[in-house]
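Take a look at the letters that make up each chain.
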Amino acid sequence: MAANKKLLLLPGDGIGPEVIAEVRRVVDWMGQRRSVRFDVKEGLIGGAAIDATGHPLPDETLSAAKNSDAILLGAVGGPKWGSLPFNLQPERGLLGIRKELGLFANLRPALVFDALANASTLKEEVVRGLDIMIVRELTGGIYFGEPRGIEDKPDGTRKGVNTLTYTSPEVHRIGRTAFDLAQKRKKRVCSIDKANVLETTVMWREEMELIKSEFPDVELSHMYVDNAAMQLVRNPKQFDVVVTTNMFGDILSDCAAMLTGSLGMLPSASLGEADPSGRCPALYEPVHGSAPDIAGQGIANPLATILSFSMLLRYSFDIDEDADMIEQAVKNVLDSGMRTEDIMETGRTKVSTGEMGEAVLKELDKLVA
Ligand code: IPM
Ligand code: MG
């Protein structure tokens, strides 16, 4: 029998623990009803880790992360920790774990479920059937470039500095990830840059073109980021795979999330480079944040986190059948009219976080019956 898979849960802050609790039920269901078994551990990150240990990414969490087969994270951050020094804020925990594990490829699919085509603030015909994959570079660019910081000048003024850097190998590996994904989809990659202003992205564009020759069956186009923001809300269905830098990806993926109706629906995967044994570090998390304004009320949407677990099954373990099953269960729940507050429309049934999780489990039961 195959060894149990080591799963690390990092609930984090705000609604993080509430949505992770629902996934935990799905994990247990998998253990009872399907062949995949997990050894589940929980760890601290973000504000919860600061409160318990004084640091947003304790060594214990980092070593547990390095020893696990996959990580599922809730969310980090909140006003409670806003006045701490920059280097000790909850977000440092998330950025730190991405960097330490080398999770350079962030996959953010924006998929519109038919039942939610009305929930978007955009017209239904613009978003119905939408299925795009945003591939965001996650360990480089202006998020990590040096020099950085805030300088006090002798004349009493201050200077803030951040640096946008990419090397060609960094562009190649994220480019290959995007082309690989496109080969399994509609075979189109659109690379987003600001090559009319930023030299770093002139190089990015040229290196993407070089990599393209390895994937003769995939079409490559380029777009400036300002135009891409406009095209995403004008006609998002023109895109298949979008590949872009860390910061552009951060911004465009929030925009893409709203096409799907709610930030509460979007899962993500952050993947690193496989070691010689084929083991690949991977962290899965909903795209939404910790939503401190609604934390503790039991009204958060757990679906983005449940869908992140389905990505985990697919990308870390190639268990497509079970991943498909979870996605089908989510689809069925939405078709049945259940809605958490963020995706609520008139005529639907409003449910709590726990009721939504319960409904997914019931659908899973039906699917294996
Ligand atoms: C995201 C978030 C993070 C980011 C924050 C919380 C540091 O916005 O995952 O998109 O900017 O990467
Ligand atoms: Mg973001």
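Just above sits the structure.
In this text the structure is predicted, and so the values were computed from the model without any measurement.

(A) Examining helix H1 (residues 16-33) more closely. Helix length check: H1 (18 residues) gives 26 Å between terminal C-alpha atoms against 26 Å at 1.5 Å per residue, within 8%. The elements touched by buried residues of H1 are strand S1 (5-12), strand S2 (38-42), strand S3 (70-75), helix H10 (303-317), helix H11 (320-335) and helix H12 (353-368).

(B) Quick peek at the site of ligand 1. Residues in contact with ligand 1, as listed here, are Glu 91, Arg 98, Arg 108, Arg 136, Tyr 143 and Asp 250. Tyr 143 places a polar side-chain atom, nitrogen or oxygen, 2.5 Å from an oxygen atom of ligand 1. Burial of ligand 1 by the protein amounts to 77% of the accessible area it has alone, namely 320 Å². Tallied by class, residues from the shell around ligand 1 come to 1 nonpolar, no polar and 5 charged.

(C) Focus on unusual backbone geometry. Residue Pro 147 is bonded to the preceding Glu 146 through a cis peptide linkage, with omega at 0 degrees. Its location among the elements puts Pro 147 in the loop between strand S5 (131-137) and strand S6 (149-152). Despite not being glycine, Lys 187 shows a phi value in the positive range, around 65 degrees. Note on Lys 187: relative accessible area 33%, which makes it partly exposed.

(D) Broad picture of the pattern of salt bridges. Taken as a whole and judged by the stated rule, the model has 28 salt bridges. Ionic pairing is found between Arg 25 and Glu 358, a salt bridge with its closest N-O pair at 2.2 Å. Of the two residues, Arg 25 sits in helix H1 while Glu 358 sits in helix H12, which places them 333 residues apart along the sequence. Linking Asp 365 and Arg 33 is a salt bridge whose minimum nitrogen-to-oxygen distance equals 2.9 Å. Separated by 332 residues along the polypeptide, Asp 365 in helix H12 and Arg 33 in helix H1 bring together distant segments of the chain. The exposure class of Asp 365 is partly exposed, given its relative accessible area of 32%. With a relative accessible area of 41%, Arg 33 lands in the partly exposed category. Among the charged side chains, a salt-bridge network with shared partners connects Arg 314, Asp 320, Asp 324 and Glu 327.

(E) Quick peek at the packing of aromatic side chains. Scanning the model with the defined rule gives 4 aromatic pairs in all. The rings of Phe 38, Phe 309 and Phe 317 are connected pair by pair, giving a single aromatic cluster.

(F) Here's a closer look at the sheet that holds strand S8 (residues 188-193). Spatially, S2-S1-S3-S12-S11-S4-S5-S10-S8-S9 is the arrangement adopted by the 10 strands of the open sheet, whose pairing is mixed. Here the strands that pair on one side only, and so sit at the sheet edges, are S2 and strand S9 (219-224). Across this sheet, the average inter-strand angle for adjacent strands is 20 degrees, counted without regard to direction. Here S1 pairs with S3 via 5 bridges, running parallel. Within the sheet, the bridge partner assigned to Leu 7 lies in S3 and is Ala 70. Lying on the sheet, H1 is in contact with S1, S2 and S3; it crosses S1 at an angle near 155 degrees.

(G) Layout of the nonpolar core. Within the largest apolar cluster, 66 residues are counted, with the highest numbers of intra-cluster contacts made by Phe 309 and Leu 312. When residues of this core are sorted by domain, at least three fall in each of domain 1 (1-104 + 272-369) and domain 2 (111-265). With residues near it in sequence (within four places) discarded, Leu 312 still touches Leu 7, Phe 38, Ala 70, Ile 71, Leu 72, Tyr 284 and Phe 317. Core analysis: the next-biggest nonpolar cluster, separate from the first, contains 21 residues, Leu 130, Ile 134, Ala 228 and Leu 252 among them.

(H) Region of interest: the pairing of S5. With 6 of its 7 residues buried, S5 lies for the most part within the structure. Pairing of strand S4 (residues 105-111) with S5, which is carried by 7 bridges, proceeds in the antiparallel orientation. Directly across from Pro 109, in S5, lies its bridge partner Met 133. Judged from the 4 bridges that link them, S5 and strand S10 (residues 241-244) form a sheet pairing that is parallel. Note that in S10 the partner of Met 133 across the bridge is Val 241.

(I) Focus on helix H6 (residues 168-183). With 16 residues, H6 should reach 22 Å at 1.5 Å per residue; the first-to-last C-alpha distance of 22 Å fits that figure. Looking only at H6, the buried set comprises Glu 170, Val 171, His 172, Ile 174, Gly 175, Thr 177, Ala 178, Phe 179, Leu 181 and Ala 182.

(J) View of the environment of Arg 185. Of note, Arg 185 is situated in the loop between H6 and S8. C-alpha of Arg 185 to C-alpha of Pro 58: the two residues are 127 residues apart in sequence and 39 Å apart in space. Beyond its immediate stretch of four places on either side in the chain, Arg 185 contacts Asp 131, Ile 132, Met 133, Asp 240 and Val 241.

(K) Seen up close, the packing of H6 against helix H7 (residues 199-212). Relative orientation of the contacting elements H6 and H7 amounts to 50 degrees, with a least axis distance of 9 Å. The orientation of H6 with respect to H7, classified from their angle, is oblique. H7 is crossed by H6, and the crossing has right-handed handedness. On H7, the residues touching Ser 168, Val 171, His 172, Ile 174, Gly 175, Arg 176 and Phe 179 of H6 are Met 203, Trp 204, Glu 207, Met 208, Ile 211 and Lys 212.

(L) Spotlight on the pairing of S3. Buried residues dominate S3, accounting for 6 of its 6 residues. Pairing of S3 with strand S12 (residues 282-286), which is carried by 2 bridges, proceeds in the parallel orientation. Directly across from Leu 72, in S12, lies its bridge partner Tyr 284.

Cut-offs and rules
- Within each chain, residues carry numbers counting from 1 in the order of the written sequence.
- Chains and ligands are labelled by the order in which they are written, letters from A for the one and numbers from 1 for the other.
- With pLDDT at 70 or above as the cut-off, local features in this predicted model cover only qualifying residues; side-chain atom pairs require 80 or more to be listed or tallied, and sums for whole chains, interfaces and linings still use all residues.
- Note: side-chain values were computed over all heavy atoms of the structure, leaving out hydrogens and water.
- Going along the chain from the N terminus, every DSSP run of H or I of four or more residues is numbered as a helix, and every run of E of two or more is numbered as a strand.
- Helix span is expected to be 1.5 Å times the residue number reduced by one.
- Note on contacts: a residue pair is in contact if any heavy atoms of the two residues lie within 4.5 Å.
- Any residue with a heavy atom lying within 4 Å of a molecule or strand is counted as near it.
- Pairs of N or O atoms are called polar contacts if they sit within 3.5 Å, as long as, within protein, a hydrogen donor faces a hydrogen acceptor (for residues adjacent in sequence, only side-chain-to-side-chain pairs).
- Working definition of accessibility: Shrake-Rupley area with a 1.4 Å probe, residue cover restricted to the visible protein chains.
- By the convention adopted, Pro, Cys, Tyr, Trp, Phe, Met, Ile, Leu, Val and Ala count as nonpolar, Lys, Arg, Asp and Glu as charged, and the other residues, Gly among them, as polar.
- When accessible area is computed with a 1.4 Å probe and restricted to protein chains, residues below 20% of their type maximum are described as buried, those above 50% as exposed, and intermediate ones as partly exposed.
- Whenever a carboxyl oxygen of Asp or Glu lies within 4 Å of a side-chain nitrogen of Lys or Arg, that contact is scored as a salt bridge.
- Aromatic pairing here means that ring centres of Phe, Tyr or Trp (its six-membered ring) are within 6.5 Å. Orientation follows from the plane angle: under 30 degrees is stacked, over 60 is edge-to-face, and everything else is tilted.
- Two strands pair under a simple rule: DSSP has to find at least two bridges between them.
- The angle between two axes is taken between their N-to-C directions and runs from 0 to 180 degrees, where each axis is a line fitted to C-alpha atoms and a helix contributes only its stretch in contact.
- Note on terminology: a nonpolar core comprises buried Ala, Val, Leu, Ile, Met, Phe, Trp, Tyr and Cys residues joined through side-chain atoms within 4.5 Å.
- All the domain ranges listed were derived from an automatic or database domain assignment.
- Orientation categories follow fixed angle ranges, with anything under 35 degrees roughly parallel, anything over 145 roughly antiparallel, 65 to 115 roughly perpendicular, and all other angles oblique.
- Take the far helix as your reference; a near helix turned counterclockwise from it by less than a right angle gives a left-handed crossing, and one turned clockwise gives a right-handed crossing.

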